[in-house]
Amino acid sequence: MSSESTAIDVWDSLLDPQGDFSLPDFTAVTAESLLTAAEAAASFALSEVDTIVADEADPTFATTTVRFESATVPMARLAALVRTVESNHLTADLTDAVAEVWARLSATRTAILLNVDLFHRIEQVPTTDLNSEDKRQQELTIENFVRAGARLGDEEREQMATIEAELTALSTSFSRALGTDTRDLAVHLGEAAQLTGLSEDQVAAAAARAGEREVDGFLLPLNNFTQQLVLGSLDDPATRDQVLTNSMARGSRGGDGDTRTQVADITALRALQAKLLGYPSFSSYAIDNQTAGGPDAAADIVSSLIAPANAQLSAELDTVKQRYGLTEVPPADVMHYLAKYRADEFGVDPDEVAQYFEFDSVLTEGVFRAATGLYGITFARRDGIVGWHDDVISVEVTDLGGRTLGLILIDPYARDTKRGGAWMDQLVPASRLTGHLPVVTLSLNLAKPGPGRPTLLSPTELTTLFHEFGHVLHGLFANSTYPSTAGTSVPRDYVEFPSQFNEMWRFHPQVLPHYAKHVDTGEPMPQDLVQALIDSEAFGQGFSTIEYLAAAMLDLSWHSLEAGEHITDVLSFESEVLAASGFSPLVPPRYRTTYFGHIFASGYAAGYYSYLYSEVIAAWVSEWFESQGGLNQEAGEAFREAILAPGYSVDPMTAIEQFFGVRPDVAPLLRRRGLAEPVAADAAGSAGETADTEGEAAGAEAEAADPAAAAKVTAPAASDTPAAPDPKHHANNTRIAEILETHGIVPRVRLFEEATPTAASAAEKVGVEVGAIANSLIFSAGGDPVLIMTSGAHRVDTDHVARLIGVDALDRADKDLVRAATGQVIGGVAPVGHPAPIPTYIDVALRGYPELWAAAGTPNSMMPLTYAQLVDLTGGKEIDVVADES
């Protein structure tokens, strides 16, 4: 019997599949059955590994790599089932069992990937005669082992196994705590007047949710992101404030729902894990095999949009202030006034618009119709399929020629046993190896209407449905031999591209008229309302872009920590990152750290930037399809075959470039978001601590300017970026210029319109190699400050430097120590100009550059120096900040 048939027999013995789709019997899911399944799947995988290792014949691709892939199928199938149950309908009786299953599966996977004998045997598989897909599978398999630590020594592998087990437990704990706090912080209101502005159906849903919890009044449950959708509609400022306050408090109140300990421990362990694998940070490790290529590239695309998005946001807020006679707009009111302006200026009333977006009509005549028009597939409800909840809708998908393509399970409604947000998952991945047809899930969190009432979608929920269905199509079209590379099993910063591309059809003239019909009268949405809705979408893009960018920068900063850094004051770190990056407290990040489930519980660690990275491709491809006539089935089928179907069995960006003949650029994204295309500044911002070096991002400091420094400080040339603030010189710049003069150095302090949060982007704008950026890094040695001037080309090996300078340990300095020691802020620390001398050490790697660039006392200023001038100015000791590994 083949290993594959054995694998399927094991799965069949766990949970009987339903019909043609290898779909588990959800009625058989109990705590006991899940634990039994985990033990059986893990035992099967380990037994197969032992057989592979014990094989005395020469290893071949079929007997080694393919058999290994087959050995993991039951574990992967069980993991998909557990994800589905955990995210959609996690009842109290399953909670502990789910945690145990994750621990068992994680430990088994780690043990297998750290099995040196298995790894060596896989490495010996000859590849000369393999076809391209098999050769890629061989390479990816080896890469997975290497990234897990298979090439480490015995002690390091044991440490990696311990870290993986701890991370699995912490992730599960974070998810459970967040679920608890999100449920407990649902906004409980006693009077209907507090909900004024919400529709009749929304009020009824709030009353129903209160009834489900057996409390009086009304209950507004929280979605997973910061800005709750009801903020746009609620008229009562006090209610809006309570909603935003509750939303932002998640995970930070103490008690069982607090996630700060998990955040601190997860990020510290990930940094240690990266160090063991030879990476300076977890972000370097995580992004190394993504399409972006590295954390600098990821941070650059995030930081490149901060200035235009801030300018757009400023213009938006000025507009609403002027329109409504406001002097300020509090954070809880920003969404409300943006929505109010859209209603008043464009005639877009969300309640009126929702009357045209009835869920069933949108699904069948919008989402399904677009897919039929583009790819020729058809959809039909399937009776007799039992899902995890009575709300689940089953849809069978038929391909061209009447062939069954796969099954979709759609779960539309919110409930207390379901996590917030919207998502797609591959419950059963398609694969020629297993012979399985794809079964994909699509989960939303719509408010369930009362009996006999229609489910109406807001414009945001409409976009979400089209977005998630892009993932669904990616999974359905999977055409790979191996399940580990099928469908959406692609790099994190590529996986969002098909979903973001699919959003283009929601307002497309070939699609919208078919579904946008009034729920009561059946009349089509008036063309002037359609145009108003499209026009209104551009207003508020500054706001939505900033909240996303802030979350992405938080993610990259948390995962840029070095091994040994353990940030226990989670909220202070968050505040430092956001302030230094130039984000205003007026717009909190889309996810605050304490409820950022994407990065601490859902696989997006150091990858939240991926939505933006993927959107670059999506926007470009959307414009390409428009050039092909929109719903062009010939173009759609070619796109499906070349781009969607292969999954990760081919390199995604290679496939993109071969199909389109060019690599997509950022211009369509800027047009899509309504942002001005950025103009390159004259030079870069801070060269101090950055998001890429010390987990801190550079930013501007809002203090009074000193006109006396004008002769010594130069500003950049004018920019076409709208509403960009003029750079202001600062008293610190004056002091630095005076110190330079006393050392016989002509001061050339330069000011810039915006800070640059990475050494790489600073180097690019200044026009030097990244190694010529002299970062001023403040560390704490038992509470005393230490200044290390290091090249932007690498990081400080804190253990090595601590030994070299004779201190027990070097820890990252917090903002208070930095300010007290230097009189400057994180992101703008200069080599000199401090209230008192600081022990200073200079990276000898800086010697190799004829001109260095260092921060000049503020995050938006820099100055050129030679290496000799830097040594003379600081009196610093020259050292190697990285241990010699030879």
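Just so it is clear, the model here is predicted, and its values are computed rather than measured.

Let us look at the overall build of the protein chain. Of regular secondary structure, the protein chain possesses 34 helices and 16 strands. For a compact globule of 886 residues, the expected C-alpha radius of gyration is about 29 Å, and the protein chain comes in at 28 Å, within 12% of that figure. Along the first, second and third principal axes, the C-alpha set of the protein chain runs to 85 × 80 × 55 Å. Scored against the burial criterion, the 886 residues of the protein chain give a buried share of 59%. The long-range fraction of contacts in the protein chain, counting pairs at least 24 apart against all pairs at least 6 apart in sequence, stands at 75%. As presented, the protein chain carries roughly 33,700 Å² of accessible surface, and 49% of it is formed by carbon and sulfur atoms. Of the side-chain charges in the protein chain, 58 are positive and 125 negative, and the distance between the mean point of each set is 1 Å.

Another aspect to go through is helix H9 (residues 200-212). Relative to the 18 Å expected for 13 residues at 1.5 Å per residue, H9 spans 18 Å between its end C-alpha atoms, a close match to the ideal helical length. Taken together, the buried residues of H9 touch strand E2 (218-220).

So, on to the packing of aromatic side chains. One pass over the structure, following the stated rule, counts 37 aromatic pairs. On the numbers, 6.3 Å between centres and 80 degrees between planes, the contact of Tyr 341 with Phe 346 is edge-to-face. On the basis of an interplanar angle of 10 degrees and a centroid distance of 5.6 Å, the ring pair of Tyr 604 and Tyr 611 is categorised as stacked. Tyr 611 carries the same exposure label as Tyr 604, and that label is buried. Here a set of aromatic residues connected by ring pairs shows up, and it is made of Tyr 494, Phe 497, Phe 501, Trp 505, Trp 620, Trp 624, Phe 625, Phe 639, Phe 659 and Phe 660. A cation over an aromatic ring shows up here: Arg 270 above the ring of Phe 282, its NZ or CZ 5.5 Å from the ring centre. Arg 492 extends its terminal NZ or CZ atom over the ring of Tyr 604, reaching a point 4.0 Å from the ring centre.

A few words on empty space enclosed by the protein. Counted by the stated rule, this structure contains one cavity of 30 Å³ or more. Elements supplying a minimum of two residues to the lining of the largest cavity: helix H18 (459-476) and helix H20 (497-502). The element best represented in the lining of the largest cavity is H20, accounting for three residues. For the lining of the largest cavity, the residue count by class is five nonpolar, two polar and no charged.

Glancing now at the packing of helix H17 (residues 359-375) against H18. Following both chains from N to C, one finds H17 and H18 inclined at 40 degrees, their axes separated by 11 Å at the closest point. The pairing of H17 with H18 is recorded here as oblique in orientation. Two packed elements cross with a definite hand, and for H17 against H18 that hand is right-handed. The residues of H18 that touch H17, namely those facing Phe 359, Val 362, Leu 363, Gly 366, Val 367, Phe 368, Ala 371 and Tyr 375, are Leu 462, Leu 465, Phe 466, Phe 469 and Leu 473. Classifying every residue of the contact of H17 with H18 gives 12 nonpolar, one polar and no charged.

Our next topic: the UniProt feature "domain: Peptidase M3A/M3B catalytic" (unreviewed entry) in the protein chain. Those places that UniProt annotates as "domain: Peptidase M3A/M3B catalytic" (unreviewed entry) correspond, in this numbering, to residues 233-674. Between the C-alpha atoms that bound residues 233-674 there is a distance of 24 Å. The span itself is 50% helix and 8% strand.

This next bit is on the side chain of Arg 157. Looking at the element boundaries, Arg 157 is found in helix H8 (residues 154-184). Leaving out residues up to four positions away in the same chain, Arg 157 has contacts with Leu 114, Val 116, Gly 149, Ala 150 and Leu 152.

Counted under the stated rule, the structure contains 37 salt bridges. Its salt-bridge partner being Arg 151, residue Glu 123 comes within 2.6 Å of it at the nearest N-O pair. Taken together, the residues span a long stretch of sequence, with Glu 123 in helix H6 (residues 116-123) and Arg 151 in the loop between helix H7 (132-148) and H8 at a distance of 28 residues. Look at Glu 123 and you get partly exposed, because its relative accessible area is 31%. With a shortest N-O distance of 3.2 Å, Glu 878 and Arg 847 are connected by a salt bridge. Taken as a pair, Glu 878 in strand E16 (residues 877-879) and Arg 847 in the loop between strand E13 (840-843) and strand E14 (852-855) lie far apart in primary sequence, 31 residues in all. A residue is classified by how much of its surface remains accessible, and Glu 878, at 35% relative accessible area, is partly exposed. The exposure class assigned to Arg 847 is exposed, which follows from its relative accessible area of 51%. Through salt bridges with shared partners, one network takes in Arg 183, Arg 209, Glu 212, Arg 213 and Asp 416.

Cut-offs applied
- Residues numbered from 1 in each chain as written.
- Predicted model: local features only at pLDDT ≥ 70, side-chain atom pairs only at ≥ 80, totals over all residues.
- Heavy atoms only, no water.
- Helix = DSSP H or I, 4+ residues; strand = E, 2+ residues; numbered from the N terminus.
- Rg over C-alpha atoms; globule rule 2.2 N^0.38 Å.
- Buried < 20%, exposed > 50% of the residue type's maximum accessible area, 1.4 Å probe, protein only.
- Contact = heavy atoms within 4.5 Å.
- Areas by Shrake-Rupley, 256 points an atom, 1.4 Å probe, with all protein chains shown as cover.
- Lys, Arg positive; Asp, Glu negative; His and termini not counted.
- Charge placed at Lys NZ, Arg CZ, Asp CG, Glu CD.
- Expected span 1.5 Å × (residues − 1).
- Phe/Tyr/Trp six-rings, centres within 6.5 Å; stacked < 30°, edge-to-face > 60°.
- Lys NZ or Arg CZ within 6 Å of the ring centre and 35° of its normal.
- 1 Å grid on protein atoms, 1.4 Å probe; cavity = no way out; pocket = protein on both sides within 12 Å on 5 of 7 lines; lining within 4 Å.
- Points joined across faces, edges and corners; volume = space filled by probe spheres on them.
- Nonpolar A, V, L, I, M, F, W, Y, C, P; charged D, E, K, R; others polar.
- Axes fitted to C-alpha atoms, helices over the stretch in contact; angles between N-to-C directions.
- Parallel < 35°, antiparallel > 145°, perpendicular 65-115°, else oblique.
- Left-handed = near helix turned anticlockwise from the far one by under 90°.
- UniProt positions renumbered as here; feature names shortened; annotations may be inferred.
- Salt bridge = Lys/Arg side-chain N within 4 Å of Asp/Glu carboxyl O.

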